[in-house]
Amino acid sequence: MALFDPSRPPRHALAALALSLAAALALGFAAPPADAKKPKKAAEEPEITDYSDDALAKRFQLPLSEVGYLVVDAKTGQVLEQRQAKDGFVPASTIKVVSTVAALVVLGHDHRFHTELLATGAVSNGTLVGDLFLRGGGDPMLTSDDFESMAQQLKAKGITKVNGRFVYDSSAYTTAKAIDAEYEESASYNPGIAALSVNFNVLQLKWEREKKGGTKFRFAAQTDNHELDIDYIKAEPAQPGTTGPYGLAYRDDAKAPTWMVIPGKRPKGEIRVPVKRPDFNAAYVFRKAAEKHGIALPEPVAGTAPEAANPLVRQISKPLPDIVYRTQRFSNNMAAEMLALAAARKLTGRTLDLAASAQTVSGWLREKIPGVDWAGLTLRNGSGLTKDSRISPEQMVAVLRFAQKLSIGNQIYADLLRRYNVGKVESEEEYGHDEGSRQNGREKGAKRGVEIKAKTGTVNYSRGVVGYLHTGKGRDVIFAVFISDYKQREAMQKQGQTWKEPPVRWWLSRSREFQRSLVKRWAEKL
């Protein structure tokens, strides 16, 4: 599926936080607050020569009381370096490691998600005399391209019209309007969640200013291959005085949900918006795909497919390791939540909400990985989009040590993480790359230079990076680093600051470089 072509940045929502935020800035919907100061361009800083904790804290102006880390030998578990390793920190998106590990173990690496079309009644002269059901099976990677394929298969069975109901069934999971209600409702990384979801539960909002005045808006279900116009949702210019992140405000109306767009300078543009009714949206997108291929469906309604319904079409997802890799690579919150929901449902046999699913995964961890001090572990959801989750460096390293032993076909868990760059490491020069056959995701008999596979995470005034490091001296280590400033975050919320304002951006930048410097130290020294 071209949507995930690794050779170029994806246009779609899987790029998650980084691309969503960059797009919002680039589109220029609304001017920044009048009192927001433009950050000064920092003078070029001298090269770091002292990588000690104290020196890094002084350079990046971050107190060591906010920093926790643990580094262990991957083979023996020997502690190599640590600081406040038992303290709880906000994990942000690094908690996706926990959700994906749980999914791989509980569901099995060969697991596939199914999305189905089922029917009651018979087909007569191209008309289904009965009801058509679209049942979601929790596939986090389902796209409108898949819906077009399903529609074509439905037509191939001789169905061009339904004279009964068109029912969407998302009963496998509970449905949520957003991952975390405390985060911006207009952020594409905070969409609704349902067992029946499509295109990562975002729509593309496009606008163009007309010559005679006014602005034309439209919504599209969009992939790299196709787009379908979606018209159940509306957009209109916001009234004077309306404020909202990304230049958007939402009016939640079941009959006419509306995005209000704050006027900006650009005459045309587009931005991703989160879907608040994901299962209805998915059904509506399928209806549009069916219409494109000559199938007339009635308005979608919610319901549950009866056991006696006849299966017509089954869409099978990509293999679970592939889903995990894409979830990690693009740090997609929606996908991580759905993986945690799937694991929790398999463990309990019940339909749970995001918080209860995260708690179930937390309990599974405690049982699955004994001998670890799990005190203080708190998971509020499966994606990390919350200020309330807590995990210690020691606990995260325990999860990573457990994960490194998993057999995932011909891969290891580190293969499902992104490469993490810290710049040139001097001691790696003696370690070159020799050719060798791949075995279990590694080159047999090969010498490797510094290699880092990691998961990063960021929320306001909290940052983390966790993963696997092959050092310049040839040692394999596992590490977790967290930095959290709870006082600054509380002050930010009281003052109404957003991530775009200079104090928050300054902290995030400095904490990122602090973490990168720590990892570089370990790559050089250990």
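Here the structure is a predicted model, which is why all the values come from computation and not from measurement.

Asker: If you had to explain the overall build of the protein to someone new, which residues and values would you point to?
Answerer: Secondary structure assignment for the protein yields 11 helices and 23 strands. The buried share of the protein, taken over its 526 residues, is 54%. Considering only intrachain contacts with a sequence separation of at least 6, the fraction spanning at least 24 residues in the protein is 72%.

Asker: Just give me the short version of the side chain of Ser186, but keep the residues and values in it.
Answerer: Mapped onto the secondary structure, Ser186 falls in the loop between strand S8 (166–169) and strand S9 (202–209). Setting aside chain neighbours within four positions, we find Ser186 in contact with Pro245, Tyr246, Leu248, Trp259 and Pro274.

Asker: Account for the pattern of salt bridges, naming residues and giving values.
Answerer: Counted under the stated rule, the structure contains 23 salt bridges. Here the residues in one salt-bridge network are Asp53, Glu81, Arg83, Arg521 and Lys525, joined through shared partners.

Asker: Please set out the sheet that holds strand S21 (residues 451–459) residue by residue, giving values where relevant.
Answerer: Taking strand neighbours across the sheet as the criterion, the 6 strands line up as S2-S1-S23-S22-S21-S18 in an open arrangement whose pairing is antiparallel. A single partner strand is all that each edge strand has here, and the edge strands are strand S2 (79–83) and strand S18 (418–419). Summarising the sheet, S18 and S21 pair through 2 bridges and their orientation is antiparallel. Along S21, the bridge assignment pairs Arg418 with Ala454.

Asker: I'd love a proper account of the packing of helix H3 (residues 96–107) against helix H8 (residues 354–368), names of residues and values included.
Answerer: At a minimum axis distance of 11 Å, the contact between H3 and H8 shows a crossing angle of 70 degrees. With respect to each other, H3 and H8 are oriented roughly perpendicular. Handedness of the crossing formed by H3 with H8: left-handed. Each of Val98, Val101, Ala102, Val105 and Val106 in H3 lies in contact with H8, whose residues at this interface are Val361, Trp364, Leu365 and Lys368. When the residues that make up the contact of H3 with H8 are grouped by side-chain class, the tally is 8 nonpolar, no polar and 1 charged.

Asker: Give me the nonpolar core: which residues, what numbers.
Answerer: Phe147, Leu203, Leu205, Phe219, Phe286 and Tyr413 are the most contacted members of the largest nonpolar core, which totals 114 residues. If sequence neighbours within four positions are ignored, Tyr413 has contacts with Lys96, Val97, Thr100, Val101, Leu104, Gln328, Ala403, Ile408 and Tyr468. Ile48, Val465, Leu469 and Leu526 belong to the second largest nonpolar core, which has 29 residues in total.

Asker: Before we move on, can you summarise H3 with the specific residues and values?
Answerer: Along its 12 residues, H3 runs 16 Å from first to last C-alpha, staying within 8% of the 16 Å computed at 1.5 Å per residue. Counting buried residues in H3 gives 11 out of 12 residues, a clear majority hidden from the surface. As for H3, its buried residues are in contact with helix H6 (320–329), helix H7 (333–348), H8, helix H9 (393–404), S21 and strand S22 (462–470). Count one or two residues on from H3 and you reach Gly108, which has phi positive near 95 degrees.

Asker: With reference to specific residues and values, describe the environment of Val422.
Answerer: With respect to the secondary-structure elements, Val422 resides in the loop between S18 and strand S19 (438–439). Put simply, Val422 and Ile452 are 30 residues apart on the chain and 8.7 Å apart in space, counted from C-alpha to C-alpha. Discounting residues that sit within four places of it in the chain, Val422 has contacts with Ile452, Arg516, Val519 and Lys520.

Asker: So what about H9? Which residues, and what values?
Answerer: For H9, spanning 12 residues, the distance from its first C-alpha to its last is 16 Å, which sits close to the expected 16 Å at 1.5 Å a residue. Of all 12 residues making up H9, 9 are buried, and the element is well covered by its neighbours. Along H9, the residues that are buried comprise Pro393, Gln395, Met396, Val397, Ala398, Val399, Leu400, Phe402 and Ala403. The elements touched by buried residues of H9 are strand S1 (67–73), H3, H8, S22 and strand S23 (476–484).

Asker: Go over the sheet that holds strand S5 (residues 127–129), please, and point to the residues and values.
Answerer: Strand order across the open sheet formed by 3 strands is S4-S5-S7, with mixed pairing between neighbours. The open sheet terminates on both sides in strands that have one partner only, identified here as strand S4 (122–124) and strand S7 (161–162).

Asker: Give a description of the environment of Val275 that names residues and reports values.
Answerer: Tracing the sequence through the fold places Val275 in the loop between strand S15 (268–274) and helix H5 (278–292). Distance from Val275 to Asn199, taken between C-alpha atoms, is 9.9 Å for residues 76 residues apart in sequence.

Asker: Lay out the confidence of the model for the protein in plain terms, naming residues and giving numbers.
Answerer: For any part of a model where pLDDT is low, the fine detail of the predicted coordinates should not be relied upon. Averaged over every residue, the pLDDT of the protein is 86; the share at 70 or more is 84%. Confidence drops under pLDDT 50 across residues 1–42; counting only partners more than four residues distant or on other chains, this segment forms 82 contacts. Under a pLDDT of 50 for its full length, residues 427–447 has, in the predicted model, 42 contacts with residues more than four places off or in other chains.

Asker: So what about the pairing of strand S14 (residues 258–261)? Which residues, and what values?
Answerer: Residues Thr258 and Met260 of S14 are buried on one face, and the alternating residues Trp259 and Val261, pointing to the opposite face, are buried as well. Alignment of strand S12 (residues 234–237) against S14, held across 4 bridges, turns out to be parallel. Residue pairing in the sheet places Lys234 in a bridge with Thr258 of S14. Here 4 bridges tie strand S13 (residues 248–251) to S14, and the two strands are oriented antiparallel to one another. In the sheet register, Arg251 faces S14, and the bridge partner there is Thr258. The turn joining S13 and S14, which pair antiparallel and follow one another in sequence, is formed by 6 residues.

Definitions and limits used
Residues numbered from 1 in each chain as written. Predicted model: local features only at pLDDT ≥ 70, side-chain atom pairs only at ≥ 80, totals over all residues. Heavy atoms only, no water. Helix = DSSP H or I, 4+ residues; strand = E, 2+ residues; numbered from the N terminus. Buried < 20%, exposed > 50% of the residue type's maximum accessible area, 1.4 Å probe, protein only. Contact = heavy atoms within 4.5 Å. Salt bridge = Lys/Arg side-chain N within 4 Å of Asp/Glu carboxyl O. Pairing = 2+ DSSP bridges. Axes fitted to C-alpha atoms, helices over the stretch in contact; angles between N-to-C directions. Parallel < 35°, antiparallel > 145°, perpendicular 65-115°, else oblique. Left-handed = near helix turned anticlockwise from the far one by under 90°. Nonpolar A, V, L, I, M, F, W, Y, C, P; charged D, E, K, R; others polar. Core = buried A, V, L, I, M, F, W, Y, C linked by side-chain atoms within 4.5 Å. Expected span 1.5 Å × (residues − 1). pLDDT = per-residue confidence, 0-100.

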